[in-house]
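# Residue-level structure breakdown
If you want the building blocks of each chain, they are given just below.
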Amino acid sequence: MSNTILRVEKLKKSFELSNGFFEKKKTIQAVSDVSFEIQKGETFSLVGESGCGKSTTGRLISRLLEPTEGSIWIDGMEVSNKKESQLKQMRQSVQMIFQDPYASLNPRMKVKEIIAEPLTIHTNLSTSERQKKVLEILEVVGLSEYHSERYAHEFSGGQRQRIGIARALIMKPQLIIADEPVSALDVSIQSQILNLLKDLQREYGISYLFISHDLSVVEHISDNIGVMYLGAIVESGPKDTVFANPQHPYTKALLSSVPVANPRLRKEKIILKGDIPSPKNPPSGCTFHTRCPFAMDICKKEKPKRQQLQEENHFASCHLLDQ
Ligand code: SF4
């Protein structure tokens, strides 16, 4: 039996944008080339600046969005070509956690109703059976029966995220897509939530697709990472390898701004010029060439190929690797 819980191949998503009746529609390539795998019980993180397509990738995998091209396999089953009516099993085994749990928690429902909602939709359990499961799962995420009778607005940000995690967990998912789950929280609360996610992974063997712009957070939780720039993964590999030996100039720039505890290990910060270009009009060749400190003539003309590097499963796309 395969150990791969998620395989994504050449995923693409474009949106048509209209600026008015008389203007021609523009196509935005939000995700242009994304391929990766997640093994059971592991965490793969997608990192990159805001607007790089990492959240869109998460939404494509959970089928909140329809892919334009490419394949998504969950536990050996291709789901990218399935209709909504055929996705029942997938909807149970893949759950999402969002950045702002408050926005996704119904303010008119008690916590026990919010957490039980997936059970009401997907199972035939009786009210008392659902109630029992809700109390069990509240305990797992560090809340209690007392909290089950309250409403979302009565909780702090960290507690709300625990409620969001409980709702995701209640269906015993194999894969959780966590989209910036701690970026709205204070640093001390962030580490509590990250530790909770890691404990749940150890206990239940859950796999995570973790989406974040924050490399310090990603370093704490990931087994493997994919660095995204303008809709494509430009470098991927085991977290320790990528952090110790980044090969793509964009990864190097991102890592140079991660704070280090030991001042003697302080790295020189690489400042990138300009903003991330618009996906409406992406640069030719290597899409990073407008900001890359090492850009050469070829970078403006030719898209670099994805290359396997010395360490196992370490890949990057950059013309510098040909030299
Ligand atoms: Fe920089 Fe060229 Fe490498 Fe792109 S291909 S990252 S522009 S050196």
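In the block above lies the structure referred to throughout.
Computed from a predicted structure; not experimentally measured.

## Re helix α1 (residues 54-61)
Buried residues dominate α1, accounting for 6 of its 8 residues. All of the buried residues in α1 are Lys-54, Thr-56, Thr-57, Gly-58, Leu-60 and Ile-61. Where α1 ends, the next residue or the one after it, Arg-63, has phi of about 60°, a positive value.

## A word on unusual backbone geometry
Positive phi, normally seen in glycine, also occurs at Glu-180, with a value near 50°. Within the chain, Leu-230 stands out as a residue other than glycine whose phi angle is a positive 45°. Among the structural elements, Leu-230 can be located in the loop between β9 (224-229) and β10 (232-238). Judged by its relative accessible area of 7%, Leu-230 is buried.

## Structural notes on helix α11 (residues 249-256)
Across the 8 residues of α11, 7 count as buried, placing the element largely inside the fold. If you follow the buried residues of α11, they end up packed against α9 (215-221), β9, β10 and α10 (239-244).

## Here we look at the packing of aromatic side chains
Across all of its chains, the model carries 4 aromatic pairs by this definition. On the numbers, 4.9 Å between centres and 80° between planes, the contact of Tyr-229 with Phe-288 is edge-to-face. Here the residue Tyr-229 occupies a position in strand β9, and Phe-288 occupies one in the loop between α11 and α12 (297-301), the gap between them amounting to 59 residues. Residue Phe-288 is classed as buried on the basis of its relative accessible area of 2%. A centroid spacing of 5.2 Å and a plane angle of 65° characterise the contact between Tyr-250 and Phe-288, whose relative ring orientation is edge-to-face. Note that Tyr-250 is positioned in helix α11 and Phe-288 in the loop between α11 and α12, a separation of 38 residues in sequence. On the accessibility criterion, Tyr-250 (0% relative accessible area) is buried. In this structure an aromatic cluster arises from ring pairing among Tyr-229, Tyr-250 and Phe-288.

## So, the site of the ligand
Taken together, 13 residues surround the ligand, and among them Cys-286, Cys-292, Cys-299, Cys-318 and His-319 come closest. Of all the cavities here, the one that holds the ligand is the largest cavity. Among the residues forming the shell around the ligand, the class breakdown is 10 nonpolar, 3 polar and no charged.

## Section: the environment of Pro-304
Residue placement: Pro-304 occurs in the loop between α12 and β11 (306-308). Counting along the chain gives 294 residues from Pro-304 to Lys-10, while the straight-line C-alpha distance between them is 16 Å. Residue contacts for Pro-304: discarding those within four places in its chain leaves Cys-286, Ser-317, Cys-318 and His-319.

## Let's talk about empty space enclosed by the protein
Counted according to the given criterion, the structure contains 1 cavity of 30 Å³ or more. Size it by volume and the largest cavity reaches roughly 80 Å³. Cys-286, Cys-292, Ala-295, Cys-299 and Cys-318 are, among the 13 residues lining the largest cavity, the residues nearest its centre. Classifying every residue of the lining of the largest cavity gives 10 nonpolar, 3 polar and no charged.

## Examining the packing of helix α4 (residues 111-122) against helix α5 (residues 127-140)
Running from amino to carboxyl end, α4 crosses α5 at an angle of 115°, the nearest separation of the two axes being 9 Å. Taken as a pair, α4 and α5 cross one another with a handedness that is right-handed. On the side of α4, the interface is formed by Val-111, Lys-112, Ile-115, Ala-116, Leu-119 and Thr-120, while α5 contributes Arg-130, Gln-131, Lys-133, Val-134, Ile-137 and Leu-138. In the contact of α4 with α5, the residues fall into 7 nonpolar, 2 polar and 3 charged.

Parameters at a glance
- Along each chain, residue indices are assigned from 1 in the same order as the chain's sequence is written.
- The predicted nature of this model means local features are confined to residues of pLDDT at least 70 and side-chain atom pairs, given and counted, to a pLDDT of 80 or more, with totals for whole chains, interfaces and linings taken over all residues.
- Excluding hydrogens and water, the side-chain figures rest on all heavy atoms present in the structure.
- Only protein chains enter the accessibility calculation, which uses a 1.4 Å probe. A residue is then buried if its area is under 20% of the maximum for its type, exposed if over 50%, and partly exposed in between.
- A helix here means a DSSP run of H or I that spans at least four residues, while a strand means a run of E at least two residues long, and both kinds are numbered starting from the N terminus.
- Whether two residues touch is decided by their heavy atoms; if any such pair falls within 4.5 Å, the residues are in contact.
- Each Phe, Tyr or Trp ring (for Trp, its six-membered ring) is paired with any other whose centre lies within 6.5 Å, and the angle between the two planes then decides the class: stacked below 30 degrees, edge-to-face above 60, tilted in between.
- Whether a residue is near a molecule or strand depends on its heavy atoms: it is near if one of them lies within 4 Å of it.
- A cavity, in this analysis, means grid points on a 1 Å lattice covering only the protein atoms where a 1.4 Å probe fits yet has no way out; a pocket is instead an open set bounded by protein on both sides within 12 Å along at least five of seven lines, and a residue lines either one if it has an atom within 4 Å of a point.
- Whether a molecule lies in a cavity or pocket depends on its atoms, and more than half of them have to be within 2 Å of the grid points.
- Gly is placed with the polar residues, together with every amino acid not listed as nonpolar (Ala, Val, Leu, Ile, Met, Phe, Trp, Tyr, Cys and Pro) or charged (Asp, Glu, Lys and Arg).
- Grid points are joined across faces, edges and corners, and a volume is the space filled by probe spheres set on the points.
- Where helices are involved, their axes are fitted lines through C-alpha atoms of the stretch in contact, as for all axes, and angles between N-to-C directions lie from 0 to 180°.
- A crossing counts as left-handed when the near helix is turned anticlockwise from the far one by less than a right angle, and as right-handed when that turn is clockwise.

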